[in-house]
Every structure is written in structure tokens, then in C-alpha cells.
Amino acid sequence: MKPFEQLQALLEANKEIADSGIFTGGFRRQNREKAVKEGQHPKAIVVSCSDSRVIPELIFNCGVGDLFVIRTAGEVVSDVELASIAYGIEHLGIELVIVLGHDRCGAVAAAINGELEGAVAPVTNKVNEAIGDTKSPKIGELRNVQFEAEVIKEKLGLKDTNVLVAPALYDIASGLVELR
Ligand SMILES: [Zn+2]
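Remember, it's a predicted structure, so these values are computed and weren't measured experimentally.

Participant: With reference to specific residues and values, describe the coordination of the zinc ion.
Facilitator: Here the zinc ion is held by C49 (SG), H102 (NE2) and C105 (SG), and the distances to it run 2.0 to 2.3 Å. Taken in sequence order, the residues that donate to the zinc ion follow the motif C-x52-H-x2-C. Of the two residues, C49 is situated in strand β1 (residues 44–49) and C105 in the loop between β3 (96–102) and α5 (106–112); the sequence distance between them amounts to 56 residues.

Participant: Quick rundown of the pairing of β3? Include the residues and the values.
Facilitator: β3 sits mainly inside the fold: seven of its seven residues count as buried. On β3, burial covers both faces: L96, I98, L100 and H102 on one face and V97, V99 and G101 on the other are all buried. Inspection of the sheet shows β1 paired to β3 by four bridges, in the parallel sense. Across the sheet, residue V47 finds its bridge partner in β3, namely V99. In this structure, β3 lies alongside strand β4 (residues 164–170), joined through seven bridges in parallel fashion. Residue L100 lies in a different strand from β4, and its bridge partner there is A168.

Participant: Run through the packing of helix α6 (residues 121–131) against helix α7 (residues 137–155), naming residues and quoting values.
Facilitator: Following both chains from N to C, one finds α6 and α7 inclined at 100°, their axes separated by 8 Å at the closest point. Classified by the angle between their axes, α6 and α7 sit roughly perpendicular to one another. Contacts between α6 and α7 involve K126, V127, E129, A130 and I131 on the former and, on the latter, G140, R143, N144, F147 and E148. The residue inventory of the contact of α6 with α7, partitioned by class, reads four nonpolar, two polar and four charged.

Participant: Outline the nonpolar core, supporting the account with residue identities and numerical values.
Facilitator: Counting residues in hydrophobic clusters, the biggest one holds 20 residues, and the most contacted among them are I45, V47, I85, V97, V99, I152 and V165. Contributing elements (two or more residues each) for this core: β1, β2 (67–72), α4 (79–90), β3, α7 and β4. With residues up to four places along the chain from it excluded, the contact list for I85 reads I45, V47, I70, V77, V97, I152 and L156.

Participant: Residue-level account of the environment of E148, with values.
Facilitator: Here E148 lies in helix α7. Between the C-alpha atoms of E148 and V165, which are 17 residues apart in sequence, the distance is 9.9 Å. Residues within four places of E148 in sequence aside, it is in contact with E75, V76, V77, V99 and K126.

The rules behind the values
Residues numbered from 1 in each chain as written. Predicted model: local features only at pLDDT ≥ 70, side-chain atom pairs only at ≥ 80, totals over all residues. Heavy atoms only, no water. Donors = N, O, S within 2.8 Å, 3.2 Å for Na, K, Ca; no water. Helix = DSSP H or I, 4+ residues; strand = E, 2+ residues; numbered from the N terminus. Buried < 20%, exposed > 50% of the residue type's maximum accessible area, 1.4 Å probe, protein only. Pairing = 2+ DSSP bridges. Axes fitted to C-alpha atoms, helices over the stretch in contact; angles between N-to-C directions. Parallel < 35°, antiparallel > 145°, perpendicular 65-115°, else oblique. Contact = heavy atoms within 4.5 Å. Nonpolar A, V, L, I, M, F, W, Y, C, P; charged D, E, K, R; others polar. Core = buried A, V, L, I, M, F, W, Y, C linked by side-chain atoms within 4.5 Å.

What follows is the structure, encoded as C-alpha cells:
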């Protein structure tokens, strides 16, 4: 499946599970055994916030071996996360990267509130760089996800490749993902 088609299929799966609430992604014994026997062939890399309400496998109704997930607070990517994404692309042959931000993001709120020191600084400084001087959480969340998508494209040299990097925002209450 081409990366754009894969993206559409995952968005369709998201709509269905947001509506039904029923997970059919596959975490049964036979799913796990199949994944051991056949190895992993993930459909997408998902770079998501660590927020406990944002759960990529549930959001896209995906099971064992379907998603290669990288999660950090505020979905910020540093060298280690970039290396993980590069591994997924180069070694697992994944051509779709979804960068998944969300509403009510604590990392964006912390950056807006100027919490730029202490142990959380590596996250909040990165988010601060992404969002500029906005005081609006909504604008901050949008800018942040778009910024990280650009960082991934640029640092991994993906601009003229088949790899599709798609910024998206997840709405916790509706359960829906929208491309941004
Ligand atoms: Zn968040």
C-alpha cells in the first residue's frame, strides 16, 4: 500500500473505532504468535505525545506489529527519537510517519506558562521554540505538531523521498484524528 493510501486506511479505522469504541486491532494469542513467526511489518511510525489519554494503537484500532510508536511528552523529537524513526524507515521499510499531537497537551501548556527550567526543560524549551509567542493552547498544539514534522523531514532528509510525514491532531473527547 502506498503511504497516502495507508494514511487514509488508518484514518478510516480511527473513525470507526471512535464511533464504536470497539477494539478489533488484534492482541490475541494467534496475533502475537503470527507476529513472532512472520516478524514485524508495521504500517506506520507514530510519533505521539506520552499523554495517557493518547494511545496510538487504540486510536487507530491497531494490534501487534502494526505501529512503530515513539512517544515523548509534547511529541518532541531529539537525536534519540530521530534515530528510532530512521530505524523504522531504513530497517523496517516504513513509508508513513504520523506525528500526533492532541488537545489539552500538558507539554504545550507548560511551555506557554514559561516553565522552561529544571528537569522538564529539554521538553518545554523545544515546544517553546516550536510555538513562538502564542498564548493560545490550540495554536500552540498546531504549531508544535507541524514543527516536529518539519524537523523529522529535514533532519532525516525525507523531502524528496517516498516517505510521507503527516502532522495530525487528536481530540481526546471525540476520539478523532485530523490531519493538520
Ligand atoms: Zn501532550
